[in-house]
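For reference, the chains in residue letters:
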Amino acid sequence: MKANVGGLDKILRIVVGVLLIALALTGVIGAWGYIGVIPLATGVFNFCPLYTLLGINTCKLKK
């Protein structure tokens, strides 16, 4: 797995994931909020399978 998520993208994924899970746990948005596990995991592991399929990479290139 080559990292393809970086910088601001990573931070936003983690924040959105935690926010969705927190809202689901408090009952504000219902059980569908647990979908926040996906952006949280992709942010933590720096890898998004969809980015690989689409050829997107938000990581800075190492020279």
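On a predicted model such as this, the values are computed, not experimentally measured, just so you know.

Calculation criteria
Residues numbered from 1 in each chain as written. Predicted model: local features only at pLDDT ≥ 70, side-chain atom pairs only at ≥ 80, totals over all residues. Heavy atoms only, no water. Helix = DSSP H or I, 4+ residues; strand = E, 2+ residues; numbered from the N terminus. Buried < 20%, exposed > 50% of the residue type's maximum accessible area, 1.4 Å probe, protein only. Expected span 1.5 Å × (residues − 1). Arc of directions from axis to C-beta. Contact = heavy atoms within 4.5 Å. Axes fitted to C-alpha atoms, helices over the stretch in contact; angles between N-to-C directions. Left-handed = near helix turned anticlockwise from the far one by under 90°. Nonpolar A, V, L, I, M, F, W, Y, C, P; charged D, E, K, R; others polar. Disulfide = S-S within 2.5 Å.

A. Representation of the overall build of the chain. Helix and strand counts for the chain stand at 3 helices and 0 strands. For the chain, the succession of helices and strands along the chain, N to C, is α-α-α. Viewed in the frame of its principal axes, the chain has a C-alpha envelope of about 45 × 20 × 15 Å. Within the span of the chain, comprising 63 residues, buried residues form 27% of the whole.

B. Fine view of helix α1 (residues 8-25). For α1, built from 18 residues, the straight-helix expectation of 26 Å at 1.5 Å per residue is met to within 8% by its first-to-last C-alpha distance of 26 Å. Along α1, the residues that are buried comprise Asp9, Arg13, Gly17, Leu20, Ile21 and Ala24. Along the long axis of α1, the arc covered by the buried residues comes to 95 degrees, so they all point the same way. Set apart from the buried face of α1 by more than 90 degrees, the exposed residues are Leu8, Ile11, Leu19 and Leu25. Summarising the contacts, the buried residues of α1 are in contact with α2 (37-45) and α3 (49-54).

C. The arrangement of α2 in detail. For α2, the set of buried residues is Pro39, Thr42 and Gly43. Seen from one end, α2 has its buried residues packed into an arc of 100 degrees, which puts them on one side. Asn46 occupies a position one or two residues after α2 and carries a positive phi of about 60 degrees.

D. Quick look at unusual backbone geometry. At Asn46, a residue that is not glycine, the phi angle is positive and equals roughly 60 degrees. Position of Asn46 among the secondary structure elements: in the loop between α2 and α3.

E. How the structure looks around the packing of α1 against α2. Taken N-terminus to C-terminus, the directions of α1 and α2 make an angle of 145 degrees; their axes are 7 Å apart at the nearest point. With respect to the hand of their crossing, α1 and α2 are arranged in left-handed fashion. For the pair formed by α1 and α2, the contact residues are Lys10, Arg13, Ile14, Gly17, Val18 and Ile21 on the first element and Val37, Pro39, Leu40, Thr42, Gly43 and Val44 on the second. Among the residues making up the contact of α1 with α2, the classes are represented as 7 nonpolar, 3 polar and 2 charged.

F. Molecular detail of the state of the cysteines. Scanning the entire structure with this criterion turns up 0 disulfides. With no disulfide of its own, Cys48 lies closest to Cys59 among cysteine sulfurs, the gap being 11 Å.

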